[in-house]
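# Residue-level structure breakdown
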Amino acid sequence: MTGGEDVFKYKQCLILRTDLKLSCGKMCAQAAHASIGAFEKASLLDKKAWMREGQKKVALKVQGERSLYELKATAEIQGLPVSLIIDAGYTEIPPGTVTALGIGPAKAELIDKVTGSLPLL
């Protein structure tokens, strides 16, 4: 097998805001919330296929809250499972701060239509 692109037909994307200047640990926690939240909304078929393939996850970045809302709306129109993360505000940021978005697991080709232009985190 080469490169992995042939192997993974399913994936999950975790999109994080870099304008918040979160610590590495906080960003990881927000990504984990987004991953679990989106996973819970995925179809059983997509969950099983994604898990069978090795649970490919891609971490991406955006510069602001508006971008997350726009991506969420686009993903929902495409019928993709999404989870927008709004922080409780116990540690680094105020309550109600939108931090991350999880999309998928779903077919990679569908997710790429929404996230394909975003830079890696």
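Coordinates for the structure precede this section.
Just so it is clear, the model here is predicted, and its values are computed rather than measured.

### Observations regarding the side chain of D46
- Relative to the helices and strands, D46 is located in helix α2 (residues 44–53).
- In this structure, D46 is buried with no salt-bridge partner, the nearest side chain bearing the opposite charge being K107 at 6.6 Å.
- Setting aside its immediate chain neighbours within four residues, D46 contacts Y10, P105 and A106.

### Overview of the pattern of salt bridges
- All told, the structure shown has six salt bridges when counted by the stated rule.
- The partner of D112 in a salt bridge is K11, with the nearest N and O atoms 2.5 Å apart. Of this pair, D112 sits in helix α4 (residues 108–115) while K11 sits in strand β1 (residues 10–17), and the two are 101 residues apart along the sequence.
- For D19, the salt bridge goes to R17, with nearest N and O atoms at 2.7 Å.
- On the basis of relative accessibility, which here comes to 28%, the residue D19 falls in the partly exposed class.
- In the salt-bridge network here, residues are joined through shared partners; they are R17, D19 and E65.

### Brief notes about the packing of aromatic side chains
- Inspection of every chain in the model, using the stated rule, returns one aromatic pair.
- With 5.7 Å between their ring centres and 45° between their planes, F39 and W50 make a pair best called tilted. Of this pair, F39 sits in helix α1 (residues 24–41) while W50 sits in helix α2, and the two are eleven residues apart along the sequence.
- On the basis of relative accessibility, which here comes to 4%, the residue W50 falls in the buried class.
- The positively charged end of K47 is found above the aromatic ring belonging to F39, 5.0 Å away from the centroid.

### Brief notes about unusual backbone geometry
- Following G104, the chain continues into P105 via a peptide bond in cis, with omega recorded as 20°.
- Among the secondary structure elements, P105 is positioned in strand β4 (residues 98–107).
- A positive phi is found at K21, a non-glycine position, where the angle reads about 55°.
- On the secondary structure map, K21 appears in the loop between β1 and α1.
- One non-glycine residue, Q55, adopts positive backbone phi at about 60°.
- Within the secondary structure, Q55 sits in the loop between α2 and β2 (57–62).
- Q55 gets classed as partly exposed once you look at its relative accessible area, which sits at 31%.

### Considering the nonpolar core
- Counting 18 residues, the largest nonpolar core has I15, L68, L71, L80, L101 and I103 as its most contacted members.
- If you list the elements that add at least two residues to this core, you get β1, β2, α3 (65–77), β3 (82–86), β4 and α4.
- When residues in this core are grouped by element, the largest group, four residues, is from β4.
- Excluding residues within four positions of it along the chain, L101 makes contact with C13, L14, I15, A34, L68, L71, K72, V82, S83 and L84.
- L14, L16, M27 and A34 belong to the second largest nonpolar core, which has nine residues in total.

Conventions and cut-offs
- Residues numbered from 1 in each chain as written.
- Predicted model: local features only at pLDDT ≥ 70, side-chain atom pairs only at ≥ 80, totals over all residues.
- Heavy atoms only, no water.
- Helix = DSSP H or I, 4+ residues; strand = E, 2+ residues; numbered from the N terminus.
- Buried < 20%, exposed > 50% of the residue type's maximum accessible area, 1.4 Å probe, protein only.
- Lys, Arg positive; Asp, Glu negative; His and termini not counted.
- Salt bridge = Lys/Arg side-chain N within 4 Å of Asp/Glu carboxyl O.
- Contact = heavy atoms within 4.5 Å.
- Phe/Tyr/Trp six-rings, centres within 6.5 Å; stacked < 30°, edge-to-face > 60°.
- Lys NZ or Arg CZ within 6 Å of the ring centre and 35° of its normal.
- Core = buried A, V, L, I, M, F, W, Y, C linked by side-chain atoms within 4.5 Å.

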